[in-house]
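# Examination of the molecular architecture
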Amino acid sequence: SEESKHVSAMRLRVYLSPAQQKRSATWIWIAQRFRNEAVAWLNSRRRARAQWLAQHPGQKAPPDLAERDCKVLSRWLTEQLERSREFAVREFALVGGKQQLGEAFTRAWNCLSRGEREEVRERCKLLGIHLDWLGVPRTILDQVVRDLDKTCQKAIKDRAERKKARAEGKPGNRRLAGVPVFKKAHFPGSIRLQVDPARNPTFSQCWAAGEIVLPGLGRLLVRESGYDFPKTPPKLITLSRNAANQWHVSFVCVEGEGLGARKRAQAM
């Protein structure tokens, strides 16, 4: 039907347990801080490239500066996480692989007093270590990098199109996409969780049964009724919190699979 073709996403209200709310709020806070750190890193890299080009007019930037910014940012993130893991293992005597280290660090961190936490934070600040990044799944940070990359590429594309239009004597696009900027931390926020249905059979089986199970959070209680979940599980789910402390999940649907159960029955 024509109605089904216009549906591209679904947004559902969910209820989180106190433990799920606490963990999700921590992830949102860390993701917001990481984004600002990444923006600062990107700004520093752009300034270094602009300075080099100004000093060497007519020449191409060297490979270390010419490479795609967010690709280098992803490697920088990996290096920072490795340093944080090494510090956490020494500081808290943690044992386990990368997958278990985040949970072990969270448990050890929660056992510290406020004074002990402040002392560890001060040492990390002096060493340039981001210990809190261990408390969030790497996939969330990777998605922040991808979102920043899309914003950067859109800004570059808009400026190239305007330059081309001006060369051809055309007005061009007056409103250009901006590069990523700092954002003030605020209570409402969201995180984007990557899920691979092919590698996560639990997620796929629960999805087929009309339930949402997210890695690291577990089963979410869906408030909405009268909806038929899309047959195809999404690979990216956004978990958001509004100013009223209400939680929602949203995801893109395969074309024609996003209608509620009643509307889908009427459309047949």
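Residues numbered from 1 in each chain as written. Predicted model: local features only at pLDDT ≥ 70, side-chain atom pairs only at ≥ 80, totals over all residues. Heavy atoms only, no water.

### Concerning the overall build of the chain
A tally of helices and strands in the chain yields 9 helices and 6 strands. A principal-axis box enclosing the C-alpha atoms of the chain has dimensions of 65 × 60 × 35 Å. In the chain, the proportion of contacts linking residues at least 24 apart, taken out of those at least 6 apart, comes to 71%. Of the roughly 16500 Å² of accessible surface on the chain, 52% is carried by carbon and sulfur atoms. The chain carries 50 positive and 28 negative side-chain charges, and their two centres are separated by 4 Å. (Helix = DSSP H or I, 4+ residues; strand = E, 2+ residues; numbered from the N terminus. Contact = heavy atoms within 4.5 Å. Areas by Shrake-Rupley, 256 points an atom, 1.4 Å probe, with all protein chains shown as cover. Lys, Arg positive; Asp, Glu negative; His and termini not counted. Charge placed at Lys NZ, Arg CZ, Asp CG, Glu CD.)

### Remarks on the confidence of the model for the chain
Looking at the chain, the pLDDT average stands at 85 and 90% of residues meet or exceed 70. Averaged over each element, pLDDT in the chain is lowest for helix α1 (residues 2–5) (42) and highest for strand β5 (residues 236–241) (94). (pLDDT = per-residue confidence, 0-100.)

### Thoughts on the packing of aromatic side chains
Enumeration over the complete set of coordinates arrives at 8 aromatic pairs. Ring centres 5.0 Å apart and planes at 90° place the aromatic pair Phe34 and Trp133 in the edge-to-face group. Residue Phe34 is found in helix α2 (residues 18–55), and its partner Trp133 is found in the loop between α6 (114–127) and α7 (138–167); the two are separated by 99 residues along the sequence. For Phe34, a relative accessible area of 0% corresponds to the buried category. Given the relative accessible area of 2%, Trp133 is considered buried. Grouped by ring-pair contacts, the aromatic residues Phe34, Trp41, Trp76 and Trp133 constitute a single cluster. Across from the ring centre of Phe187, 3.8 Å away, lies the NZ or CZ of Arg241, which sits over that ring. (Phe/Tyr/Trp six-rings, centres within 6.5 Å; stacked < 30°, edge-to-face > 60°. Buried < 20%, exposed > 50% of the residue type's maximum accessible area, 1.4 Å probe, protein only. Lys NZ or Arg CZ within 6 Å of the ring centre and 35° of its normal.)

### Focus on the side chain of Ser24
Residue placement: Ser24 occurs in helix α2. With near-sequence residues (within four places) excluded, Ser24 lies in contact with Leu16, Leu217, Leu239 and Trp247.

### Quick look at the pairing of strand β2 (residues 189–194)
Of the two faces of β2, the one lined by Gly189, Ile191 and Leu193 is fully buried and the one lined by Ser190, Arg192 and Gln194 carries no buried residue. As paired strands, β2 and β5 are joined by 6 bridges and run antiparallel to one another. Paired with Arg192 across the bridge in β5 is Thr238. (Pairing = 2+ DSSP bridges.)

### Quick look at the sheet that holds strand β6 (residues 247–252)
Spatially, the 6 strands line up as an open sheet ordered β2-β5-β6-β1-β4-β3, and their pairing is antiparallel. Whereas interior strands pair on both sides, the edge strands pair on one side only; in this sheet they are β2 and β3 (212–214). Going across the sheet, the axis of each strand differs from the next one's by a mean of 40°, ignoring polarity. Bridge count for β3 against strand β4 (residues 218–222) is 3 bridges, and the pairing is antiparallel. Within β4, the position partnered with Val213 by the bridge is Arg219. Sitting on the sheet, α2 is in contact with β1 (9–15), β2, β4, β5 and β6, with an inclination near 95° to β2. (Axes fitted to C-alpha atoms, helices over the stretch in contact; angles between N-to-C directions.)

### Some details on the pairing of β1
Relative to β6, β1 is paired through 6 bridges, and the arrangement is antiparallel. The residue of β6 that forms the bridge with Leu12 is Val249. Pairing of β1 with β4 involves 2 bridges; the strand directions are antiparallel. Looking at the pairing, Tyr15 lines up with Leu221 of β4.

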